[in-house]
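Reading the structure
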Amino acid sequence: MPPVWTWGEEEEEEEEEEEERQAFAGGDEEAVAPSAALAQGDIYEVLGDGHVLHLSRFRGLQIIDVQDPEDPRIVGRLPISGDVVQMHVKGDRALVVMSGGLAYRSDLARLAMHDSLGAYILEVDISDREEPEVRSRTLLSGTVKATRFESGANGDALYVGTTEHGSFPVPGSPWPEARHQTYIKRFALTSNGLALTSTAGFPGDLRGLVHQGNALVAVHTQKVARDPATHVSIVDIGAGGALSVRGTVVAPEVIPSEGHVDLRGQTLRVISGLKVDFPTAVARLQTWSTSGPGNPTPIETVEFAPGASIQGALFTDDKAYVSTTLVQNGTFHVFSVDAAGHVTLLGTSPEQGAEDHLRSVFGGSRLISAGRVGKSPYQYAVSLFDANSSNPLLVRAAVDPIASDASSSPDLRQTGRAFTVLENAVTVQAPSGETETGLALLPYNNGDWSNTPYISGVQLFTFSGSTVTRRGFLPLNSRMQRAFPTSGTVTAGLTATEFGLYDRSDVDNPTQQGHLFLAPNYLGIFRYGNYRVRVQNPEDTSYWNKPNAKARVEVISRSGEAQYAPTLASIEVPPNAYYYKVGNLLTVVRSLKWLEYTVTIIDLSDPLHPQSKGDFVATGLPFTGSIEPVVHPTHTSLTFVAVPSNPTYQVGGDVDACWYQTLEQFSTCYGQEGCTYWTGNLHCQAPLGTGQYGCDGGFAQCTYHVGADPTCVQVDFATAQPYIVGGCQPATTYREVRHASVGVLDLSDPAHPAVRPTISFAPEEEYVSKFSDGEDMYITTKQAATKPGDPRPHAKYYVEHIDLGQSSQPVVSKINVPGRVVGIDDDELTLQDPVWGDVFLESAVARVVLDDGLAALKNYQRFPGRAVTSVVADEDGRPAVTHGLGWKPFWSYHNGQPWDSRPMLTLLKPASGSGVRGYTVRGQSLIQLWMSLTAARGDHLFFNVPGGVLTVASKQTPKALSFFHIPAQGTYPEYYPEPQPALLVDGDDILYALGRRGIVQSEDDDVNLPGSQ
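Note that the structure is predicted; figures quoted are calculated from it, not measured.

As used in these notes, a disulfide is a covalent bond between sulfur atoms, one from each of two cysteines. Under the criterion given, the structure shown has three disulfides. The partner cysteine of Cys-658 in its disulfide is Cys-728, sulfur to sulfur 1.9 Å. Looking along the S-S bond of the Cys-658-Cys-728 disulfide, the torsion reads about 110°, which is the right-handed sense. Residue Cys-658 is located in strand 52 (residues 648-662), and its partner Cys-728 is located in strand 56 (residues 724-737); the two are separated by 70 residues in the primary sequence. With relative accessibility at 6%, the residue Cys-658 sits in the buried group. Residue Cys-728 is classed as partly exposed on the basis of its relative accessible area, which comes to 44%. The disulfide bridge from Cys-684 ends at Cys-695, spanning 2.0 Å between sulfur atoms. Because the torsion about its S-S bond is 115°, the bridge between Cys-684 and Cys-695 counts as right-handed. Taken together, the residues Cys-684 in strand 53 (residues 676-687) and Cys-695 in strand 54 (residues 694-705) connect sequence positions 11 residues apart. Owing to a relative accessible area of 35%, Cys-695 belongs among the partly exposed residues under this scheme.

Next comes the structure, spelled out in structure tokens:
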């Protein structure tokens, strides 16, 4: 079976998703000729008062002032957390459709709550062009697949098509059915916002939605997304906008786009086929009568183009036009379709290429098309057809032959909204003397994945009833999305990151007027004295094909918004690298060849006059296979810590080993006061045949309490045996071992960097963790140990302090400490110490003072019966600990529900006094299961949470403050390269450099969570 393709309407997805899902998103709106009151959504809107509204997947809503084409400016911004789809604009209101997102709010019980918004609609007031404001949020169920906006007799309304997957009732059956379900919803746009007025539903995964007359035509699968057949349902729009499903028909294959579906009068017309060549493939043009109630009745089916794939198509009142390809040979088919739905093939004509998007022009007497000419790699071309001829191709004009790879422009291939056709827009002479009045704007790219030069921009074509002429070119530097007029002869080119304005008065020689970068790509933000420094990657998205492309180090004021601050000084550096601040230096680290690094050094001791110290090729720094070491800026050096991704295994010996766990339980009372359940697991082992077992773990019967920790009573093995499962068998034990190596790049003389000898560790010094305070390096190691009377495994922990005060001569000292280093305050270390409890391995927090090669223990606090998940410490040695219940079910889904470990955040400070003291609790709060504590800076804690980072005030009682939307943010594994340094805490400001999403910042008392004020 050939692949079955899916389409939707999510305009701003990544490239692979766009290629599968955009055909219906940008069908040929003029082709289907619906009511003029109907509007498709898009990612831009020309507002008519000298402003353009842009919906950016990186920066949210942007309002661009284009009144002076020489100086366009972004005057209004509305950052949006989530994945944008498209927008519709009515007057001073924009309806922004989102495919998903998260909304966080403060919660007194558990620090913070998040609402998974799924899909939703934002109603945005844009009457103040400089301060757009959200008026309402309307939640949607499922995934948004299509939207349409209507202004007509039934008022202003937004139609939204969504698909859900789940269990749905089956009429006449007691059992539900797992399948896709589509809903078409009508929302009236009122003075009070959006109001749901009607809903129609049917089985299947929605692929597209066409609005024609008083009906919506929905294209969908039947039950599952990979159903090879395509279904077409007619949804009537009745009085007051009431929706009702009239009936459904089935097309055997794929319906690629809106141009392939048409409801005209009482006849439904559909073209289906495959999007790839396939020996048994056949294209079909089918017609049905919709005159009666219920399912439309078949009229005629015509099969054509065996084995070929279908490309663009267009229906007019009495004709259908279809482009097909077979082994790169194109054919253009013309059919007549009369008012009764009868189909006649009028003619076929071979063509070198294919048509993607067809439009009707000159009162329907001509067709103009955006397509491809030649054979792969194709060129883009604009073609003119005689709509009344059986051999209709009149003329074709291609883009510059150097642009020979049409596959580089998925936006143009997949959505007709990238192709703009304007009639009566120009008056120019064709080379053959005809007067051309039509203008076609063809945005395209070339050279993404080939050796051809990278080209990106808008090709202008003019046309008459018999000619098409290639004219001038409007260049940009990144992948094109749209081209459109703003006013008069001013034309805009739009990409995800750029906006350009051009004067096309002379269509052969258009001139660029103004230009904006919409989403500068910031990779880092640092502080140098009274200034900040941001690192911006090249705006030209083809820089990988341009070895001379450079990033910029920009010096800005320390006050104000970092991403909008004017540049005071700048210097070029290599792009797409790792950037580290080392004292007054900025270092740029790249690995261009195996076993070597190239380091560019910038001197910022005078930030307003940055100076390059040149490039240094460093060899002899540690590598550990395919994974590069982690780099830490330390004093006047860069420290490279390499840890093997794959451990070595030391054979421990043959043993009798036993494992037991609780049985999976199902209870209707879980979550109710007094409900009891079993928890725990047990692992025991003994040297083979000795019977001298050492065990960790155990079992307990717990009682659930609403709003409080459960009470758990440990029981012996015999009591627990009816509720557990497991057994014993001979086994071989292994010890997992890693060893670190540390390299130092000495930058004390920036003009003459030097690689110092690699620091290695003895075979018995097993790597545990690393920590740097920005000055020195601390490697925690451990050595296997025994404890008399306790057969469980034990270890001694050591801190290997690498003193880099003189980076030319690093000094290593080894000190026995309780646990691994998690914080440093001068000569004081905060550590997390793993210790055996009565049942399980637990944790303690310790504070030691280093003095003359010894560590004096000052504070020590255990967390008995708790499972510690994270320990961090701020610059003053105050720990923050997250921990949950120690007794936990073996199964993460307990009694059919996610088990709640009731995780807790505890803020500590060292208790004062003599001897070894404990810690004083300075604040405490329950937290959510999905919160992962990662760092402490000043009076702030940072948690990785779904969708980004949550900041929490940690002075006393913890309080959630702000959410930073950071897509794909996550916890990075210890043994893999860490992310770019993106966080800067500078005085009262918290700043994140988030690439294309800009530099986001807040002050320490800023809050953006409801309930945190």
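It is worth spelling out the sheet that holds strand 35 (residues 438-446) at this point. With respect to topology, four strands assemble into an open sheet ordered 32-35-36-37, the strand pairing being antiparallel. Unpaired on one side and paired on the other, strand 32 (420-422) and strand 37 (468-475) mark the two borders of the sheet. The mean inter-strand angle of the sheet, taken between neighbouring strand axes irrespective of direction, is 25°.

The nonpolar side chains of a soluble globular protein tend to be buried with one another. Within the largest apolar cluster, 19 residues are counted, with the highest numbers of intra-cluster contacts made by Leu-905, Leu-941, Phe-943 and Leu-950. Counting residues per element, the ones that place at least two in this core are strand 8 (102-107), strand 9 (111-116), strand 71 (904-910), strand 73 (932-937), strand 74 (940-945), strand 75 (948-953) and strand 76 (959-965). For this core, the element with the highest residue contribution is strand 74, accounting for three residues. Residue contributions to this core reach at least three from each of two domains, namely domain 2 (35-251) and domain 6 (761-1003). Ignoring sequence-local partners within four residues, the contact set of Leu-905 consists of Leu-111, Ala-880, Val-881, Thr-882, Gly-923, Gln-924, Ser-925, Ile-927, Leu-933, Leu-941, Phe-943 and Pro-958. Listed in part, the 18 residues of the second largest apolar core include Ile-80, Met-87, Tyr-120 and Val-124.

The next thing to look at is the sheet that holds strand 4 (residues 60-65). Read from one edge of the open sheet, four strands run 2-3-4-5, paired in antiparallel fashion. Both edges of this open sheet fall to strand 2 (44-46) and strand 5 (73-78), since each of them pairs with a single strand only. Pairs of neighbouring strands in the sheet enclose a mean axial angle of 20°, with direction left out of account. By the bridge criterion, three bridges tie strand 2 to strand 3 (residues 51-56) in an arrangement that is antiparallel. Bridged to Val-46 within strand 3 is Val-52.

How each quantity is defined
- The numbering scheme is per chain: residues are counted from 1 as the chain's sequence reads.
- Given that the model is predicted, a residue must reach a pLDDT of at least 70 before its local features are reported, and side-chain atom pairs must reach 80 or more before they are shown or counted; all residues, however, enter totals for whole chains, interfaces and linings.
- By convention in this description, side-chain values take in all heavy atoms of the structure and omit both hydrogens and water.
- Disulfide assignment relies on a single distance test, namely cysteine sulfur atoms paired within 2.5 Å.
- Labels follow the DSSP assignment, with helices taken as runs of H or I lasting at least four residues and strands as runs of E lasting at least two, numbered in each case from the N terminus.
- For every residue, the accessible area (1.4 Å probe, protein chains only) is compared with the maximum for its type, and the residue is labelled buried under 20%, exposed over 50%, or partly exposed between those bounds.
- Two strands are counted as paired when DSSP detects at least two bridges linking them.
- Here the axes come from fitting lines to C-alpha atoms, over the contacting stretch only for helices, and the angles between their N-to-C directions go from 0 to 180 degrees.
- To form a nonpolar core, buried Ala, Val, Leu, Ile, Met, Phe, Trp, Tyr and Cys residues must be joined to one another through side-chain atoms within 4.5 Å.
- Bear in mind that the domain bounds are from an automatic or database domain assignment.
- By the convention used here, residues are in contact when the closest approach between their heavy atoms is within 4.5 Å.

By themselves these figures say nothing about function.
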